[in-house]
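Below, each chain spelled out in residue letters.
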Amino acid sequence: MNTLNRSCTRRRLLGSVLTLMAAAELASAQVGGDIRVQGSRATFSVEAGRPLYEVAHAVSREYNWPVTFEQSVTVYPGDWIDVTRNFSSGRRAYNLRGGRFEFSYDLGLGGAEPEDPPAVLRAALDAHHELGLPGRYELVETAEFLHIVPVARRDEAGEWQPERSPLDSLVSLEGRGRTPDAVLRELRMLISESAGIEILGGFHPVFKGFPEPRVLERYEHVRAREVLRSLISTSGQGRLWLFLCGLRQDSSGTKRNRCVLNLMPYRR
């Protein structure tokens, strides 16, 4: 192999490694949060930069609710905190501005799980907005899921502007008898092109096992979120999704948002 080919190969390998590292960092974002029960009330609390992600994960685990979370693609510099440890390379790492997050809600009779899941999640959204944390969100209810999606973000000057989730992008693609995960890879590419950001894949596949199901549908000008829901339905295996974004600065000084579409196993 000549010197040029070796150099190109090293760059491709380095790029692949860095991409995998970025996906791993976001897909395995630290999950915490604590639910304390006192009588007929429960209180969720956490110290985090993505508290609504923590809420979605916690209630899905505690109550088996089908909650998905799509993070705002934050662009306002004041919403990021520089957490760079090594400045020698010129690269910088940022975490979302967060803090102590807490809200309370009613339990069911005898301390059973809450009877009104949307009310619990809306209480979490209200707490998030009252604290002035990055992004504003709404709850979208469907027959199968409860979606927490962004509706506004601060622009680079700090002014609130309407926002649509990248998963609201309209896409067209065809199953062509491919596996759900093959179609998902194309879907991520289409969302990335539409939103202008890099979207990586998480660690959990749409389908795990053999034989793999095949996607025959033709999706014509439909929302990416609906395609994702359809792929999960085709797989026959329960999945929830978490769309998370982070900010990094490369050695040239260019800052980029990089996101990951992470699937989590879910059993109804």
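Residues numbered from 1 in each chain as written. Predicted model: local features only at pLDDT ≥ 70, side-chain atom pairs only at ≥ 80, totals over all residues. Heavy atoms only, no water.

Evaluation of the coordinates by the stated rule reveals 8 aromatic pairs. Over the ring of W160 we find R136; its NZ or CZ atom is 3.8 Å from the centre of that ring. (Phe/Tyr/Trp six-rings, centres within 6.5 Å; stacked < 30°, edge-to-face > 60°. Lys NZ or Arg CZ within 6 Å of the ring centre and 35° of its normal.)

Below, the discussion takes up helix 3 (residues 117–130). For helix 3, spanning 14 residues, the distance from its first C-alpha to its last is 20 Å, which sits close to the expected 20 Å at 1.5 Å a residue. Of the surrounding elements, those touching the buried residues of helix 3 are helix 2 (51–63), strand 3 (67–70), strand 6 (99–106), strand 7 (136–141) and strand 8 (146–154). Just downstream of helix 3 lies G132, where phi reads positive at about 70°. (Helix = DSSP H or I, 4+ residues; strand = E, 2+ residues; numbered from the N terminus. Expected span 1.5 Å × (residues − 1). Contact = heavy atoms within 4.5 Å.)

Turning our eyes to something else, we now look at the nonpolar core. In this structure, F69, F101, F103 and I148 are the most contacted members of the largest nonpolar core, which totals 33 residues. Looking at this core, the elements that each hand over two or more residues are strand 2 (41–48), helix 2, strand 3, strand 6, helix 3, strand 7, strand 8 and strand 13 (239–249). With 7 residues, helix 2 is the largest single contributor of residues to this core. Look past the residues within four positions of F103 in its chain and what remains in contact with it is A42, T43, F44, V55, V120, A123, A124 and A127. Listed in part, the 28 residues of the second largest apolar core include F145, V206, F243 and Y266. (Core = buried A, V, L, I, M, F, W, Y, C linked by side-chain atoms within 4.5 Å. Buried < 20%, exposed > 50% of the residue type's maximum accessible area, 1.4 Å probe, protein only.)

For the rest of this paragraph, the subject is the state of the cysteines. Counted according to the given criterion, the structure contains 1 disulfide. Here C245 engages in a disulfide with C259; their sulfurs sit 2.1 Å apart. Its S-S torsion of about 100° marks the bond between C245 and C259 as right-handed, since a negative value means left-handed. Taken together, the residues span a long stretch of sequence, with C245 in strand 13 and C259 in strand 14 (residues 255–265) at a distance of 14 residues. Across the pair, exposure class does not vary: C245 and C259 are buried alike. (Disulfide = S-S within 2.5 Å.)

Before going further, it helps to spend a moment on the confidence of the model for the chain. With 88% of its residues at a pLDDT of at least 70, the chain reaches an overall mean of 88. For residues 3–25, every residue scores under 50 in pLDDT, and the model assigns this stretch 12 contacts once sequence neighbours within four places are set aside. (pLDDT = per-residue confidence, 0-100.)

You can see I197 is positioned in the loop between helix 4 (180–195) and strand 11 (198–201). Note on I197: relative accessible area 13%, which makes it buried.

Another point: the environment of Y105. As for its placement among the helices and strands, Y105 is situated in strand 6. For Y105, a relative accessible area of 4% puts it in the buried group. Note: C-alpha distance between Y105 and R41 (64 residues apart in sequence) is 5.7 Å. A polar atom in the side chain of Y105 sits 2.8 Å from the side chain of Y63. (Polar contact = N/O pair within 3.5 Å; in protein donor to acceptor, adjacent residues only side chain to side chain.)

This part takes up the packing of helix 4 against helix 5 (residues 224–235). Running from amino to carboxyl end, helix 4 crosses helix 5 at an angle of 170°, the nearest separation of the two axes being 10 Å. Between helix 4 and helix 5, the angle is such that the two are roughly antiparallel. Judged by residue contacts, P180, V183, L184, L187 and I191 of helix 4 engage A224, V227, L228, L231 and T234 from helix 5. (Axes fitted to C-alpha atoms, helices over the stretch in contact; angles between N-to-C directions. Parallel < 35°, antiparallel > 145°, perpendicular 65-115°, else oblique.)

This part takes up unusual backbone geometry. For the bond from F210 to P211, the omega torsion is 0°, close enough to zero to count as cis. Tracing the sequence through the fold places P211 in the loop between strand 11 and strand 12 (218–223). With a phi close to 60°, N64 is a non-glycine residue in the positive phi region. Looking at N64, the relative accessible area reads 32%, which means it is partly exposed. Of note, R176 is a non-glycine position whose phi angle comes to about 55°, a positive value. Positionally, R176 belongs in the loop between strand 10 (170–174) and helix 4.

What follows is about the sheet that holds strand 6. Pairing within the open sheet is antiparallel, and its 3 strands lie in the order 1-2-6. Edge strands, defined here as strands with exactly one partner in the open sheet, are strand 1 (34–38) and strand 6. The average undirected angle you get between the axes of adjacent strands in this sheet is 20°. Judged from the 8 bridges that link them, strand 2 and strand 6 form a sheet pairing that is antiparallel. (Pairing = 2+ DSSP bridges.)

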